[in-house]
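Breakdown of the fold
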Amino acid sequence: MGKNVAEKILEKHVVERRENEIGIKIDQTLTQDATGTMAYLQFEALDIPKVKTELSVSYVDHNTLQTDFKNPDDHLYLQSVASKYGIILSKAGNGICHQVHLERFARPGKTLLGSDSHTSTAGGAGSLAIGAGGLDVAIAMAGGAFYLKKPKVVGVKLTGKLPQMVAAKDVILEVLRRIGVKGGVNKVLEYCGEGVKSLSVPERATITNMGAETGATSSVFPSDKITKAFLKSQGREAQWIELVPDSDAEYDESIEIDLSKLEPLIAKPHSPGNVVTVKELEGMGIQQVAIGSCTNSSYKDLMTAARILKGKKVHPNVSLVISPGSRTVFNEIAKNGALADLIASGARILECTCGPCIGQGQAPPTNGVSIRTFNRNFEGRSGTKSAQVYLTSVETATVTAIEGKLTDPRKHAPPEFSIPTVFHPDDTLIIYPSKTPENVKIIRGPNIAPLPKKEKLPGRLAGEVLIKVGDDITTDHIMPAGKLLPLRSNVPEYAKHVFEPIDPNFAARALEKKGGFILGGSNYGQGSSREHAALCPMYLGVKAVIAKSFARIHLANLINFGILPLELKNPDDYDKIDPGDSLELDVSDLGKKDIALKSLTKKIDVPATHPLTPRDIDILKEGGLLSFTKTHQN
Ligand code: MIC
Ligand code: SF4
């Protein structure tokens, strides 16, 4: 039987097979600063002199605003760690990790593990790229395998060609419209079919990037002539290999999308899965347009905006902000004059960073409508709780900025430009590791707090339900980012804000009650890879999360930090448990899937189970992955 691309890469990397779980070798890792400081503190704790991967890159792109000492201190810590342990550093201002990685480092056929959920972006260049918690990335840097549920491979067959002013973003919005924000859990979305040939690598990367919003383990395109041309344009042709599905390749599931039938789409507040056509909402008044983020900040994206805006003005009631994805593309548009067109139109040009996507500035006004080319529109993520954030293509966002109201881009003439066959990568802000690592001293500012520890799992857990939350709770609800991002290296301080958007008293209550339980709905923990959404509740004493189901990365993070994830056997039992109820759980034998959960308050038994593999159980028993790894290292 023929193989698909995902199977071909997995086959070459599997180092361990267990029932339903595989361990794979990781070739490349990436971290970004907001998850990186923790990942490197954990890596340091493993006591390994140098990373064992083929390539590890540490990016500084999230926490780049320097309003006090915290972020710059973190930058120095990251730079010194990178220099000492053999890691490449991409300094603040060099670009957004996924865009820079795609341009400079992603390689077809390689595995990439990144401490950011959008690591899958590199799948646009044929890498099998997976987002994970920082601790998993630290272990991979130390040479350890990455364990995951063997994913199903979904063949997303593309036919036809996109009509003018309909973009790659509309393809992934269509996928989200069809399968929603949980439709990809434990699956790899592999794009195939004739339509693939009409998409450039950065367009493919827009699609693989936002595959994260379906909950998918990864998203991947084949590596073909288009991939070769892209690598050549970056001076990396030698790194190309052909990687296409066999002609008789089979997929576990399939989806078919006729590109020629697509129209401009838009995700409504507050979920990337809330997709409708632009036509349905056309004419809606708006206050802000933001172009950028790791989804849409490539050369093509910026040129599209620049050409549409050339000779035109941003509507007087609109604030248009643009963040280029990398210094390389920023430089190209500066040299070819497109930047001048953007400036002349009234656009505000930001640094090459995540910026508004993670609430670092440019918060919309009260009740403001913001049209963004980003990948997430969770409530409050923009920095304004009442803001209404919509997600669209660059084409839709740009014409909307001109018109001052949501506009179908097909009403404007399509932009004309060609993509250079040669880029001039600007690696000025890329720093290579020291040749004399023994002389490098790690710089630790006062914001870098030591790692909290967790004791081994006892046989019995008891406590109160500290909070009861609904379905699709995101990690932005659990551990908000925005203005709190500078606290990422300081768990005791950051932990004070757990669940703040839902219940500002949560942290104080959890500490007062000496911990307890969280009751969640389905897809608990969707969204980012931030392990702080497990680490900080762990610090507050949370012992278990009982939910209807979990999102992939968050489930792994809970296990990694010793918090027991349990699933209700009967989802309707969710209604029988209330906040403040006293629960008791016998977890002495996790080997049997049935967990005896008693509500002492309601005097009822609530049957529970768990999604844990035998390895997960061993990790939990040790109090988390760091202790587990250290025990097994020696
Ligand atoms: C995000 O888009 O939510 C982030 C910020 O990039 C996160 C990582 C983080 O919280 O640091 C992600 O996607 O994993
Ligand atoms: Fe940065 Fe936004 Fe991409 Fe996350 S989704 S990596 S915050 S640009």
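So, a few notes on the structure that sits alongside this text.

1. Describing the site of ligand 2
Taken together, His 62, His 98, Asp 116, His 118, Ser 293, Cys 294, Cys 354, Cys 357, Ile 358, Asn 375 and Arg 381 form the complete shell of residues around ligand 2. Across the shell around ligand 2, the residue classes break down as 4 nonpolar, 5 polar and 2 charged.

2. A few points about the sheet that holds strand β2 (residues 21-24)
In spatial order, the strands read β1-β2-β8; together these 3 strands make up an open sheet with antiparallel pairing. With one partner strand each, in any of the chains shown, β1 (14-18) and β8 (146-149) form the two edges of the open sheet. Across the sheet, the mean angle separating the axes of adjacent strands is 20° when strand polarity is ignored. Both β2 and β8 contribute to a ladder of 4 bridges, which runs antiparallel. In the strand pairing of β8, Gly 23 is matched with Tyr 147. Relative to β1, helix α1 (residues 5-13) is tilted by about 95°, and along the sheet it contacts β1 and β2.

3. Remarks on the site of ligand 1
Around ligand 1 sit 14 residues in total, of which Asp 116, Ser 117, Arg 488, Ser 529 and Arg 530 are the nearest. Ser 117 is positioned with one of its side-chain polar atoms (N or O) 2.5 Å from an oxygen atom of ligand 1. In this structure, an oxygen atom belonging to ligand 1 sits 2.8 Å away from a side-chain N or O atom of Arg 381. Here ligand 1 loses 97% of its free accessible area of 330 Å² to cover by the protein chains. Its residues assigned to classes, the shell around ligand 1 comprises 2 nonpolar, 7 polar and 5 charged.

About the cut-offs
Residues numbered from 1 in each chain as written. Chains lettered and ligands numbered in written order. Predicted model: local features only at pLDDT ≥ 70, side-chain atom pairs only at ≥ 80, totals over all residues. Heavy atoms only, no water. Near = heavy atom within 4 Å. Nonpolar A, V, L, I, M, F, W, Y, C, P; charged D, E, K, R; others polar. Pairing = 2+ DSSP bridges. Helix = DSSP H or I, 4+ residues; strand = E, 2+ residues; numbered from the N terminus. Axes fitted to C-alpha atoms, helices over the stretch in contact; angles between N-to-C directions. Contact = heavy atoms within 4.5 Å. Polar contact = N/O pair within 3.5 Å; in protein donor to acceptor, adjacent residues only side chain to side chain. Areas by Shrake-Rupley, 256 points an atom, 1.4 Å probe, with all protein chains shown as cover.

Just distances and angles here, no functional claims.
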